[in-house]
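# Structural overview for review
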Amino acid sequence: AIDGLVMPTGASACTAWSFEKGDTTLPGTGQADYVISGKRRDYAEYDRSRLEAKIDANAARIEMLEQAKLTLLDGSGTTNPSKFFWEVISLFEARAKPPVKMTYRAVGSGTGQKEFIGDAANGYATFDQDFGSGDIPIGAADYATLTGAGKDIMHFPFQMGAMSVFHNIPDVAASGPGALKLTPCVLAKIFKREIKTWDDAEIKALNPSLSVPANQDIKVYHRVSGSSTTSGVTTYLNAACPAVWGSTLVGSTITWPTDTYEAEGSGGMSSKISSTPYAIGYIDSGHGHDDGLKEISLQNKDGMYLTSLEAGAAGIGAAASEAISAGVMPSSPSADFSAVSLHNMGGASTWPIVAI
């Protein structure tokens, strides 16, 4: 249309303007009058073009990040396998593509389950948690509540571990001849404070060489805040000696005698036992042995006395084999796992307190 315009001529003629494009340089001509040059710019125009370039670059970057998003996974739960979790997380983050960022908060199985289950107020949504971990399965009532609320939950057994009872009696061997051994019923009486001193006749009958001060009090330590180790040990005592340790004393939290002492977490339990002469308490075996505690040799279902170290991986695995043979393990991860227990399983070399 512009090309079709007829410009005035003669005295009223208009001066014709020419153009120097931004991608073309016209030496001399471009510097003449009546030239509109793409080479001439003010700072505002330059600044706008720079911002436009940045916007284009950021748009490309955002598109790339959208195609390879960072996946965030956060969990909480039992303290027992926390070192295992942290090692696996480190390896997984290093090797995963697209990138993954993971965290695990070791707070105990009870807290981990609570944060995973949620409550009625939040519609049984997790408390900003992607997975929970525990040495105890989701209970039957909680399982029914969650599935009734339309929630799909799955159990994935990923690790087995021994739970043990440790003591701090001075000058008693940690293993071999002279090491301390107990039956489940004697242990149950100690934890119930029916047996209160280390020189009690029932303890001496099992350990005739035990030398302790007369009437030396037994300092009983127990976990708090919903411990899976408490659940494991109390389940074992009930299974192995129900006449002394009744079913009302089974769970991740129970009512302990008032003259017992509290310990927070696995680390807290280990610290209390190691720093308190004549103490007794329970903790995952690996943690206790790493901290140099002395393990009590327990009598298993077949009447054999052994420690978790003597049972070894084979003795821990034997508990799972017995449970599978007995049909204890569900075939589907979506099924109710509340009855799953690897405690007090049969076998001469089987360790009696196994968490899964």
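The structure reproduced in this document is the subject of the present report. (Residues numbered from 1 in each chain as written. Predicted model: local features only at pLDDT ≥ 70, side-chain atom pairs only at ≥ 80, totals over all residues. Heavy atoms only, no water.)

### Overview of the sheet that holds strand S4 (residues 100-106)
Strand order in this open sheet of three strands is S4-S3-S5, and the pairing throughout is parallel. Here the strands that pair on one side only, and so sit at the sheet edges, are S4 and strand S5 (131-133). With strand direction ignored, the average angle separating the axes of adjacent strands in the sheet is 20°. The sheet contact formed by strand S3 (residues 71-77) and S5 spans three bridges and is parallel. Residue Ser-76 lies in a different strand from S5, and its bridge partner there is Gly-132. In the packing of helix H3 (residues 109-117) onto the sheet, contacts are made with S3, S4 and S5, and the angle to S3 comes to roughly 130°. (Pairing = 2+ DSSP bridges. Helix = DSSP H or I, 4+ residues; strand = E, 2+ residues; numbered from the N terminus. Axes fitted to C-alpha atoms, helices over the stretch in contact; angles between N-to-C directions. Contact = heavy atoms within 4.5 Å.)

### A short note on a nonpolar patch on the surface
Where nonpolar side chains cluster on the molecular surface, the patch consists of Trp-17, Phe-19, Tyr-34 and Ile-36 and spans about 470 Å² of accessible area. Of note, Tyr-34 is situated in the loop between strand S1 (18-20) and strand S2 (35-37). A relative accessible area of 42% means that Tyr-34 is categorised as partly exposed. (Patch = residues over 30% accessible without salt bridge, like charges linked within 9 Å, V, L, I, M, F, W, Y side chains within 5 Å. Areas by Shrake-Rupley, 256 points an atom, 1.4 Å probe, with all protein chains shown as cover. Salt bridge = Lys/Arg side-chain N within 4 Å of Asp/Glu carboxyl O. Buried < 20%, exposed > 50% of the residue type's maximum accessible area, 1.4 Å probe, protein only.)

### Focus on the environment of Gln-299
One can find Gln-299 in strand S12 (residues 297-299). For the pair Gln-299 and Ser-231, spaced 68 residues apart in sequence, the C-alpha to C-alpha distance is 19 Å. Apart from residues no more than four positions distant in its own chain, Gln-299 is found in contact with Leu-182, Thr-183, Pro-184, Tyr-236, Met-304 and Tyr-305.

### Quick notes on the pairing of S4
Pairing analysis gives seven bridges linking S3 to S4, with the strands arranged parallel. Along S4, the bridge assignment pairs Thr-71 with Val-100.

### Quick look at the nonpolar core
In terms of nonpolar packing, the biggest core is built from 46 residues, with Leu-187, Ile-190, Phe-191, Trp-198, Ile-203, Ile-280 and Trp-351 touching the most fellow members. Those elements that provide at least two residues to this core are strand S6 (161-167), helix H5 (184-191), helix H6 (201-206), helix H7 (228-240), strand S10 (279-284), helix H10 (308-325) and strand S14 (354-355). In contact with Ile-190, not counting residues within four places along its chain, are Leu-182, Ile-195, Ile-203, Ile-218, Val-220 and Ile-280. (Core = buried A, V, L, I, M, F, W, Y, C linked by side-chain atoms within 4.5 Å.)

### Points about the state of the cysteines
What is meant by a disulfide is a covalent connection between two cysteines, made through their sulfur atoms. The final tally for this structure, using the stated rule, is one disulfide. Across the disulfide from Cys-185 sits Cys-241; the S-S distance is 2.0 Å. Where Cys-185 bonds to Cys-241 through sulfur, the torsion about that S-S bond is close to 105°, and the disulfide is right-handed. Remark: Cys-241 occurs in the loop between H7 and strand S9 (261-263) and Cys-185 occurs in helix H5; sequence separation between them is 56 residues. Take Cys-185: its relative accessible area is 30%, and that puts it in the partly exposed class. (Disulfide = S-S within 2.5 Å.)

### Looking at the side chain of Ser-76
By secondary structure assignment, the location of Ser-76 is in strand S3. Here Ser-76 falls in the buried class, since its relative accessible area comes to 1%. When sequence neighbours within four positions are dropped, the list of residues in contact with Ser-76 reads Tyr-104, Arg-105, Val-107, Gly-112, Glu-115, Gln-129, Phe-131, Gly-132 and Ser-133.

### With respect to the pattern of salt bridges
Considering all chains together, one arrives at 10 salt bridges under this definition. The partner of Lys-101 in a salt bridge is Glu-93, and the shortest N-O contact between them spans 3.9 Å. Judged by relative accessible area, Glu-93 falls into the partly exposed class, the value being 26%. Each of the salt bridges in this network shares a partner with another, and the network as a whole consists of Arg-193, Lys-196, Asp-217, Lys-219 and Asp-259.

### Things to note about the sheet that holds strand S7 (residues 181-182)
Taken together, three strands build an open sheet; the order of strands is S7-S12-S13 and the sheet is mixed. Here the strands that pair on one side only, and so sit at the sheet edges, are S7 and strand S13 (305-306). Here S12 pairs with S13 via two bridges, running antiparallel. Within S13, the position partnered with Gln-299 by the bridge is Tyr-305.

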